[in-house]
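Spelled out, the chains give:
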Amino acid sequence: MGFACGIVGLPNVGKSTLFNALTATQAAAAANYPFCTIEPNIGVVPVPDHRLDALARLYSPDKTVATTINFVDIAGLVRGASKGEGLGNQFLATIREVDAIAHVVRCFIDENVIHVENKIDPASDVATIDTELALKDLETVEKRIERARKSLKGVTAKEEKIVLDLCERVKVGLDAGRVVRALGLSDEELLLIRDLNLLTAKKVFYVANVAENQLATAATDPLVDQLRALAGKDPVVVICAAAEAEIATLDKAEQPDFLASLGLDEPGLNKVVKTGYQLLGLITFLTAGKPECRAWTIPRGARAPQSAGVIHTDFERGFIKAEVIWWEDLIALGSEAACRSAGKLAIEGKEYVMRDGDVVHFRFNV
């Protein structure tokens, strides 16, 4: 599936409407009743990038290709999902497969759109989802503890004792109503239990879905403020999913006027996509030329040979060097030759750590 961000939330909070807008399709049915989505929908969504746009204007290439992130529209979870309510087991299994979570929370009041809990309360909605995910994690951890205890007499007893102690600490936290990502586990500890694929260990950001008339006052909206307070350090993106779905159907020439009427300078979806991308620890490098300008996804911290391998495995296998220009220098000076003359083109070797925004030409020999 590649890097994937799962869209979760209670029924009727706007998940499928958001997904439709993200993918600019009607792939996910949107209707005013619970469990409208049964099978998860997967959409490959381009990541907006002004740097790629600038390079395209400079080169006028035959083709411009944005990098992408996968969004998965997961059916609404309800109280009791961890025990199978509302097809809960099926939906929770899908969440296991994603790398991060976009939690859509309803922050608008509309009597014509039913709420599964019959009240508009962002904090309660988030608590319901977190509780169901945590209960499923508790079940997973308890099974691992049982398995570890049975293995203590074997040859891997030392390793199993470490995992057992860690799982027991996690169980205590879950029993206390805390999600795994809030337990302060080290990277090494998270690696030890990575195979459990715990739901509440996944990185999360919140999407506050508001009504169109709330956009102008979203900074001080009480329902959005309630969500921000609950989110703490986790990102919160405010959108009107219904408006975003309408924007996505407009021609690009029509979008600026409509955005201006909403008091926006860009679609809120851009922030959703970028936030998901950043949350996954991803960065972008670029390649540019007349045939094609293209953005490529790599994990933050990737070195030059591994980045070359994203383009083609031969590039990594036969890596010689990377010719690197900072994108702003290339735009300012207008050509690779001008950057070379000005000393703005660097020759980098195998240990070079890529930056978000590098424009690269890889030299290789196979």
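Please read these numbers as outputs of a predicted model, since none were measured by experiment.

(A) Spotlight on empty space enclosed by the protein. What the rule picks out here adds up to 1 cavity of 30 Å³ or more. Estimated volume of the largest cavity: approximately 40 Å³. Taken together, Val8, Ile101, His103, Ile129, Asp130, Leu133, Arg181, Val204 and Tyr206 make up the lining of the largest cavity. When residues of the lining of the largest cavity are traced back to their parent elements, those giving at least two are β5 (100–106), α4 (122–151) and β6 (203–209). When its residues are assigned to classes, the lining of the largest cavity shows 6 nonpolar, 1 polar and 2 charged.

(B) How the structure looks around helix α2 (residues 50–59). Listed as buried for α2 are Arg51, Leu52, Ala54, Leu55 and Ala56. Just downstream of α2, Ser60 is the residue with a positive phi angle, here 45 degrees.

(C) Structural context of the confidence of the model for the protein chain. For the protein chain, mean pLDDT is 86; residues scoring 70 or higher make up 89% of the total. When mean pLDDT is compared element by element in the protein chain, helix α13 (residues 327–333) scores highest at 98, while helix α3 (residues 88–96) scores lowest at 68. Counting interchain partners and residues more than four positions distant, the pLDDT-below-50 stretch residues 25–39 has 41 contacts. This stretch, residues 84–88, has a pLDDT under 50; its non-local contacts, to residues over four places away or in other chains, come to 9 contacts.

(D) Representation of the packing of aromatic side chains in the model. Within this structure, the stated rule accounts for 4 aromatic pairs. Each member of the aromatic cluster is reached from another via a ring pair, and the members are Phe285, Trp296, Phe319 and Phe362. Positioned above the aromatic ring of Trp296 is the side chain of Arg294, whose terminal nitrogen or guanidinium carbon lies 4.3 Å from the ring centre.

(E) Main features of the side chain of Asp130. Note that Asp130 resides in helix α4. With sequence-adjacent residues up to four places away left out, Asp130 is seen in contact with Val179, Arg181, Thr200 and Tyr206.

(F) A look at the pairing of β5. Of all 7 residues making up β5, 7 are buried, and the element is well covered by its neighbours. Of the two faces of β5, both are covered, the one formed by Ala100, Ala102, Val104 and Arg106 as well as the one formed by Ile101, His103 and Val105. As judged from the 4 bridges shared by strand β1 (residues 4–8) and β5, these two strands associate in the parallel manner. When the bridges of β5 are listed, Gly6 appears paired with Ile101.

(G) Just the layout of surface pockets, in detail. Taken as a whole, the largest pocket holds about 1000 Å³ of empty space. Along its surface, the largest pocket is lined by 35 residues, and Pro46, Val47, Pro48, Asp49 and Asn270 are the ones closest to its centre. Tallying contributions element by element places helix α10 (residues 268–279) first for the lining of the largest pocket, with 6 residues. Its volume calculated, the second largest pocket comes out at about 850 Å³. What lines the second largest pocket is a set of 27 residues, and nearest its centre among them are Asp99, Leu190, Ala201, Lys202 and Lys203. Of all the secondary-structure elements, those providing two or more residues to the lining of the second largest pocket are α6 (187–192) and β6. A per-class count over the lining of the second largest pocket returns 14 nonpolar, 3 polar and 10 charged.

How each quantity is defined
- Starting from 1, residues in each chain are numbered consecutively following that chain's sequence as written.
- With the structure being a predicted model, the display of local features is reserved for residues of pLDDT at least 70 and the display and counting of side-chain atom pairs for 80 or more, all residues being used for whole-chain, interface and lining totals.
- Just so you know, side-chain values use all the structure's heavy atoms and leave hydrogens and water out.
- Buriedness for pockets is judged along seven lines, at least five of which must meet protein on both sides within 12 Å for an open set on the 1 Å grid over protein atoms alone, while cavities are sets there where a 1.4 Å probe fits but cannot get out, and lining residues have an atom within 4 Å of a point.
- Grid points are joined across faces, edges and corners, and a volume is the space filled by probe spheres set on the points.
- A run of DSSP states H or I qualifies as a helix once it reaches four residues; a run of E qualifies as a strand once it reaches two. Both are numbered from the N-terminal end.
- Think of it as three bins: nonpolar holds Ala, Val, Leu, Ile, Met, Phe, Trp, Tyr, Cys and Pro, charged holds Asp, Glu, Lys and Arg, and polar takes everything else, Gly as well.
- Summary of the burial criterion: residues with accessible area below 20% of their type's maximum are buried, those above 50% are exposed, and those between are partly exposed, where the area comes from a 1.4 Å probe applied to protein chains only.
- Residue-level confidence of the predictor is summarised by pLDDT, bounded by 0 at the bottom and 100 at the top.
- Two residues form a contact once any of their heavy atoms are found within 4.5 Å.
- The aromatic pairing rule takes the rings of Phe, Tyr and Trp, using the six-membered ring of Trp, and pairs them if the centres are within 6.5 Å, calling planes under 30 degrees apart stacked, those over 60 edge-to-face and the rest tilted.
- Charges are assigned to positions over rings by a cutoff of 6 Å between ring centre and Lys NZ or Arg CZ, combined with an angular limit of 35 degrees from the ring normal.
- Criterion used throughout: strands pair if DSSP finds at least two bridges between them.

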